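Fold and contact review
Listed below are the residues making up each chain.
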Amino acid sequence: MQTPEDEMFMRRCVQLAALGLGKVQPNPMVGAVIVHQNRIIGEGYHHQYGQPHAEVNAIASVRDISLLKESTLYVSLEPCSHFGKQPPCADAIIQWGIPKVVVGIRDPHDKVNGNGIKKLKDAGVEVVEHVCEEECRELNKRFFTYHQQHRPYIILKWAQTADGYMDIDRSNAAERKSYWITNPALKVVVHKWRSEEDAILVGYNTVLNDKPQLTTRLYPGKNPKRFVLSRAEEVSEGYYSPLPMDLSEAMGKLYEQRVQSVIVEGGRKTLDRFLEVGLWDEARILVGAQQWGKGTKAPQIPMPPQTVQHIDDNQILYVRRHL
């Protein structure tokens, strides 16, 4: 039976886990807290792919290891039970004699998915499940989408003016000039988003017209893998990898490459293709203060934003397809 204290300590696990965003893929983000007599004596999270997992880091942070045999370990995701880059965390918990483990949500990976919990219970460890389960699922929405739907988590992103235009009139040669819809602060935000996701995707016309770099040059972090919906022979710039124009097939290719999340930064046609077939999970819409009065209209989403963020005179609208 879970308690309010269980929820409090699990939320701390979620806070810690989120520090690994953009650094641990294809692994999930995981946080762990060790509690002795209602006091935290150790905590840790998964810092980097290939490095020790959250439970091991939490155990290593405990100063008096004799207390482990009287403590409870809280962890946002079921401890792993198989050998990968690191040995099984369930084994470490058992070896250190931790008598109780509180788990936020089960791991959907086919090599875990209940096996870690079974291993703990078979060794006599008391296990409590489903504490702050929805918060733990939301934390790893990319990981769950990848393993349960066999495709990446899809984020649609575009910028539009206050009166709803996202591009200039490309048919008018006199008006083909560089422009920026939102303020400089939002450009940094976009580069931060890129650092957090595995890949970024655009349409062929975006490459042809804008030749975007699609990097994180304004924010510290890794560059995403860069893809374009096109035929291979159309792509001359070497840093774009072509994807088939059929969206289901394209997402299947990303799944095969272990891409867990992708930002779609294409033009109106590319965005509409994802919207028309319902192949998206969230949209992030940057709204500038300018009013153009003409140009290419931005896509319309028939649902209100769940969150609106204000940055100076600009806004970011966050829309989730499923909550």
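You'll find the structure just up there.
Residues numbered from 1 in each chain as written. Predicted model: local features only at pLDDT ≥ 70, side-chain atom pairs only at ≥ 80, totals over all residues. Heavy atoms only, no water.

1. A word on the overall build of the chain
Broken down by element type, the chain carries ten helices and 15 strands. For the chain, the spread of C-alpha atoms along the principal axes amounts to about 75 × 40 × 35 Å. Looking at the chain residue by residue over its 323 residues, the buried ones come to 52%. For the chain, the accessible surface area stands at approximately 15500 Å², while carbon and sulfur atoms represent 50% of it. Considering the chain, the positive charge centre built from 40 side chains and the negative charge centre built from 39 side chains are found 4 Å apart. (Helix = DSSP H or I, 4+ residues; strand = E, 2+ residues; numbered from the N terminus. Buried < 20%, exposed > 50% of the residue type's maximum accessible area, 1.4 Å probe, protein only. Areas by Shrake-Rupley, 256 points an atom, 1.4 Å probe, with all protein chains shown as cover. Lys, Arg positive; Asp, Glu negative; His and termini not counted. Charge placed at Lys NZ, Arg CZ, Asp CG, Glu CD.)

2. Focus on the pairing of strand β8 (residues 199–203)
Buried residues dominate β8, accounting for five of its five residues. Covered by surrounding structure in β8 are Ala-199, Leu-201 and Gly-203 together with Ile-200 and Val-202, the residues of both alternating faces. Here β8 pairs with strand β9 (residues 225–229) via five bridges, running parallel. Residue Ala-199 lies in a different strand from β9, and its bridge partner there is Lys-225. Strand direction decides the pairing type here: β8 and strand β11 (residues 261–264), joined by three bridges, are parallel. Along β11, the bridge assignment pairs Ala-199 with Val-262. (Pairing = 2+ DSSP bridges.)

All we've got here are geometric facts, nothing functional implied.
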